[in-house]
Amino acid sequence: MWRAAALLCCIASTGAAQTPDDVAAAVSGWLTEHGARGVVAIRSPDADTVVFDLGINVDAVIELASLSKAITAICAAELVKIGSLAWDDPVAKYVPGFADMSVADVITHQSGITQDATQIYMRTWLDDPTHRAADIVAHMQNRGAPTGGDGLVYSNDNYALAAMVIEAASGSPYEHTCRDLALTPAGVMAHPSPRSGAFLSWGGWSITAKDYLSFHAHWFDTQTDTLKGPSGDFGGGAVYGLGMLARPMQGGMNHWHFGALCFPNQLNVGSYVVAFFNDWRVMVAYDACVEWPAMVALDGAIVSAVFDD
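Cut-offs used in this document
- Here, residues in each chain are numbered from 1, in the same order as that chain's written sequence.
- Local features in a predicted model are, by the rule used here, given only for residues with pLDDT of at least 70; side-chain atom pairs are given and counted only at 80 or more, and totals for whole chains, interfaces and linings are based on all residues.
- Excluding hydrogens and water, the side-chain values take into account all heavy atoms of the structure.
- Strand pairing is assigned whenever DSSP identifies at least 2 bridges connecting the two strands.
- Here a strand is any run of E in DSSP of at least two residues, a helix any run of H or I of at least four, and the numbering for each starts at the N terminus.
- Axes here refer to lines fitted to C-alpha atoms; in helices the fit is confined to the stretch in contact. Angles between the N-to-C directions go from 0 to 180 degrees.
- Any residue under 20% of the maximum accessible area for its type is buried, any over 50% is exposed, and the rest in between are partly exposed; the area is computed with a 1.4 Å probe on protein chains only.
- Contacts are assigned to residue pairs with any non-hydrogen atoms lying within 4.5 Å of each other.
- What pLDDT expresses is the predictor's confidence in each residue, scored from 0 to 100.
- Cysteine sulfur atoms are paired as a disulfide whenever they fall within 2.5 Å.
- What makes a nonpolar core is a set of buried Ala, Val, Leu, Ile, Met, Phe, Trp, Tyr and Cys residues whose side-chain atoms join them at distances within 4.5 Å.

Visitor: Sorry, what's going on with the sheet that holds strand β6 (residues 232-235) here?
Guide: A sheet is described by the order of its strands in space; here eight strands give the open sequence β2-β1-β11-β10-β9-β8-β7-β6, paired in antiparallel fashion. At either margin of the open sheet sits one strand with a lone partner, and together these are β2 (50-54) and β6. Neighbour-to-neighbour, the strand axes of this sheet turn through a mean angle of 20 degrees, independent of strand direction. Taken together, the three bridges between β6 and strand β7 (residues 238-240) define a ladder with antiparallel strand orientation. When the bridges of β7 are listed, Gly232 appears paired with Tyr240.

Here is the structure:
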C-alpha cells in the first residue's frame, strides 16, 4: 500500500506556479478536512522561505518521523565523499553478521531485509531519547541476516543498521557525526526528539519546518535529472535514493518523502516534504495520523496549488 501510494505522488503538471499563500491555503484546507493542526514551510524559486502557522507555531520544533532518514543517508554519503566509507563496502566490514549486503543496499532498502523489528519495540521506547539502533541491530543479528536480495523492501531496520555502520566508519556517535556532516553544512540545527529520539536514525530527529526545508534545499537538487549516490527502483519511474523518493521530471528531479509516528493516545504526528523540478519546495508537519489515501490527497493539494493556472 505504501508503495502504491507513493507512486501516485509528485507527478506534476506544467501549469504556471502560484504563490506561497495559495499553497498554504491548500494545505490549510487539507488540515481542516482531517481535523488536524499544522505548520507549513514554503520556498518558491524566486523568494525566501515563508512559514505559515496553521495551528502549530512557525518556530515549533516538530517531529520529523521518517523524514529523519534523509539526515542519515546524507551523513553516509558525506562519509563516502571523504573516503571513510564506500557504497560497495559489505556491511560486515563495519557490523558483524551482514556479509551479503552492501552499504548502498542498506541506504536504498535493497538489503534483503523484509522484517521491521522497530515496529515491535518503538512504542516501548517513547519518551526515552536514547538512540536504540544497536538494540534493533542486535535483534537483526539474532534472527539472522538475509542472504539474498528481494528487491526494494522499505524497512526501518535498514536505517538502524546504517547508524551502526556510520558509527563504525566514523569512530564517533551517530548523532555527533551526522550533525557535523549533514546538518551543520546546511546551516541548520536539529536534535533528538524527547518523544521519539530512540528512533533517531530512522525517525527521531526534531527540527523547525523552516530548518528542515533549508536542509532539504541544501542537499537535494531539483535542477538535474541525475541522482548523486545509489538508488533503488521503486517502480513507476520512481526510485529510492538518499532517504528520499525521487522521479526525473522535465529535465529536473522531484524529491519527496512522507513520515508518520502513530501511537494512539501517546504520539500521533505526520510530516511531508516535496521539492519539484521547478524548485518549488514545501514541508508540512501536522498533529494527526492519517491513512495513505489522505497522504496522497495532501500531495495532490500541493501539486494543484503549485502548478494549476
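Visitor: I'm lost on the pairing of strand β11 (residues 281-286) in this one. Help?
Guide: Where a strand is regular, its side chains alternate between the two sheet faces. The buried count for β11 comes to six of six residues, which makes it a mostly enclosed element. Covered by surrounding structure in β11 are Arg281, Met283 and Ala285 together with Val282, Val284 and Tyr286, the residues of both alternating faces. The pairing of strand β1 (residues 38-43) with β11 spans six bridges and is classified as antiparallel. Its bridge partner lying in β11, Val39 is registered against Ala285.

Visitor: Got a minute to help me understand the sheet that holds strand β4 (residues 191-192) in this structure?
Guide: Two pairing modes exist for strands in a sheet, parallel and antiparallel, and in both the strands are linked by backbone hydrogen bonds. Strand order in this open sheet of three strands is β3-β5-β4, and the pairing throughout is antiparallel. Two strands lie at the open edges of the sheet, namely β3 (61-63) and β4, each paired on one side alone. Looking at chain direction, β4 and strand β5 (residues 205-208) are connected through two bridges and run antiparallel. Along β5, the bridge assignment pairs Pro192 with Trp205. Packing against the sheet, helix α8 (residues 174-183) makes contact with β4 and β5, and its axis sits at approximately 35 degrees to β5.

Visitor: For this particular structure, what's the right way to read the environment of Gly112?
Guide: Structurally, the position occupied by Gly112 is in the loop between α4 (103-107) and α5 (118-125). Using a relative accessible area of 9% as the deciding quantity, one classes Gly112 as buried. Sequence separation between Gly112 and Val153 is 41 residues; the distance between their C-alpha atoms is 7.3 Å.

Visitor: What am I meant to see in the confidence of the model for the protein chain here?
Guide: Interpreting fine coordinate detail is not advised for predicted regions of low pLDDT. Across the protein chain, pLDDT averages 93, with 93% of residues at or above 70. Low pLDDT (under 50) marks residues 1-5, which in the prediction has 13 contacts with non-local residues, meaning those over four places away or in another chain.

Visitor: Looking at this structure, how should I read the state of the cysteines?
Guide: Covalent bonding between the sulfur atoms of two cysteines defines a disulfide. Applying the stated rule across the entire model yields two disulfides. Here Cys75 connects covalently by a disulfide to Cys178, the sulfurs 2.3 Å from one another. One quick way to see it: the torsion about the S-S bond of Cys75 and Cys178 is about -85 degrees, and its sign makes the bridge left-handed. With Cys75 in helix α3 (residues 69-81) and Cys178 in helix α8, the pair connects residues that are 103 residues apart, well separated along the chain. Look at Cys178 and you get buried, because its relative accessible area is 0%. Across the disulfide, Cys262 is cross-linked to Cys289 (sulfur-sulfur distance 2.0 Å). Note on the Cys262 and Cys289 pair: the S-S dihedral is about -110 degrees, so by sign convention the disulfide is left-handed.

Visitor: What should I look at first to understand the nonpolar core in this one?
Guide: Across soluble globular proteins, nonpolar side chains have a tendency to be buried as a group. Residues Leu161, Tyr212, Phe215, Met283, Tyr286 and Ile302 are the most contacted members of the largest nonpolar core, which totals 108 residues. The leading source of residues in this core is helix α11 (residues 292-307), at nine residues. If we ignore the near neighbours within four places in the chain, the residues touching Ile302 are Val23, Val27, Tyr272, Val274, Phe276, Val282 and Val284.

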